[in-house]
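# Descriptive structure summary
These are the residues of each chain, in order.
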Amino acid sequence: MAITVATVPSIKKLARSLMAFGVCAAAGTASVGASAQTAIALGMSGWTGFAPLSLADKAGIFKKNGLDVELKMIPQKDRHLALASGAIQCAATTVETHVSWNANGVPITQIFQMDKSYGADGLAVRNDVKTFADLKGKTIASPQLGNTQDVALRYWLKKKGLTTTTEGGGDVHIVPQDNATTLASFIAGNIDGAWVPEPWVTRLVAEGNGTELVDESSLWKNGKFVVANTVAATAFAKKYPAAITAVIAAELDAIAYIKSNPQAAKKLVNGSIKTLTGSVIDPTYLDKAWASVDFTIDPLPSTLLASANHAHSLGLLDSVDLAGLYDLAPLDLLLAERGEKKVDAP
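So, about helix α7 (residues 179-188). Count 3.6 residues to each turn of an α-helix, and residues three or four apart come out pointing the same way. Here α7 has its buried residues at Asn179, Thr182, Leu183, Ser185 and Phe186. End-on, the buried residues of α7 take up no more than an arc of 165°, which puts them together on one face. At its buried positions, α7 is contacted by β5 (121-125), β6 (139-142), β8 (193-197) and α8 (200-207). In this structure aspartate 178 caps α7, since a side-chain oxygen of it lies 3.2 Å from the backbone nitrogen of alanine 180.

When its volume is computed, the largest pocket comes out at roughly 750 Å³. If you trace the largest pocket, you find 29 residues lining it, with Ser45, Gly46, Asp178, Asn179 and Trp200 closest to the centre. Looking at which element gives the most residues to the lining of the largest pocket, the answer is helix α4 (residues 76-85), with three residues. Its residues assigned to classes, the lining of the largest pocket comprises 14 nonpolar, eleven polar and four charged.

Looking now at the pairing of β8. Of all five residues in β8, five are buried; the element is thus mostly enclosed. Side chains Gly193, Trp195 and Pro197 of β8 all project onto a buried face; the interleaved residues Ala194 and Val196 project onto the opposite face, where all are buried too. Two strands pair when backbone bridges link them, and β5 and β8 are joined in this way by five bridges, in the antiparallel orientation. Of the residues in β8, the one forming a bridge with valine 125 is glycine 193. The pairing of β6 with β8 spans two bridges and is parallel. Within β8, the residue paired with alanine 141 across the bridge is alanine 194.

The rules behind these values
Residues numbered from 1 in each chain as written. Predicted model: local features only at pLDDT ≥ 70, side-chain atom pairs only at ≥ 80, totals over all residues. Heavy atoms only, no water. Buried < 20%, exposed > 50% of the residue type's maximum accessible area, 1.4 Å probe, protein only. Helix = DSSP H or I, 4+ residues; strand = E, 2+ residues; numbered from the N terminus. Arc of directions from axis to C-beta. Contact = heavy atoms within 4.5 Å. Polar contact = N/O pair within 3.5 Å; in protein donor to acceptor, adjacent residues only side chain to side chain. 1 Å grid on protein atoms, 1.4 Å probe; cavity = no way out; pocket = protein on both sides within 12 Å on 5 of 7 lines; lining within 4 Å. Points joined across faces, edges and corners; volume = space filled by probe spheres on them. Nonpolar A, V, L, I, M, F, W, Y, C, P; charged D, E, K, R; others polar. Pairing = 2+ DSSP bridges.

Just distances and angles here, no functional claims.
The following block contains the structure:
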């Protein structure tokens, strides 16, 4: 069952407790070497960028790697609370959110980079918005204050000379909403647009009669930028390294499956999304979203650093120190075993 804000303590209290005592072990696991499959709860959403995790679950790849993984639908704004409380041991998230969680005292470590985008995020608006100047006085949604899309939106507006505030004021009024709510709000006429990931850009255009004003890939060198990653509670990762290695191995296997069997992978992922959310993604939308994402292990460090600097310039991040943000040693060991080139942390 998904965790809500009400089911977990405050973040500051949790951070203090974690620093003093560490996160609990995975549910039902006495030791890494136990014969039973290691049980891990992993918080995520039905976003297509998290497809390697959905696929690893649906195709039995987690089980093949000795894991009993329960995928939990938890809003991104609440996942750090669930990690901090020990309710989950791993989570899928966007990179800026990961940086923000660490900056706010929740000790988590990135163990795997899942995807990079080249057109999977963008700003969809009403047809009467022709240029950035038309956005003044408009209300635009983003998935969450300080997440990847929110930082991209605010930084782009800042470069265009338009102001925003974290309270929704300024030249352009930004409101945080989950993506499903954003679509409903756009169709109802309550917002004028949104900076969102696929398949929501396509859905806003198709179902809300909107238009895509900005394709974020146009703002990055080579049109690609880092988006999604898998993180683990640092204390758990240190105490149960074999479990973390197994999670990474499962994700490597899932990405290999995606690349060799893309159509079958899409069907399995959509089936997993239905299990998690109660409905499948329209195949047309899924195809477009899938084509805009490169499932990869490359952390694209330059784009991560740039994103962190953008968040800092907006006052959303106090520091851009990325030390300790990654632990890619287990991944590099697995890559070496498979005869593949290791990756470099930022």
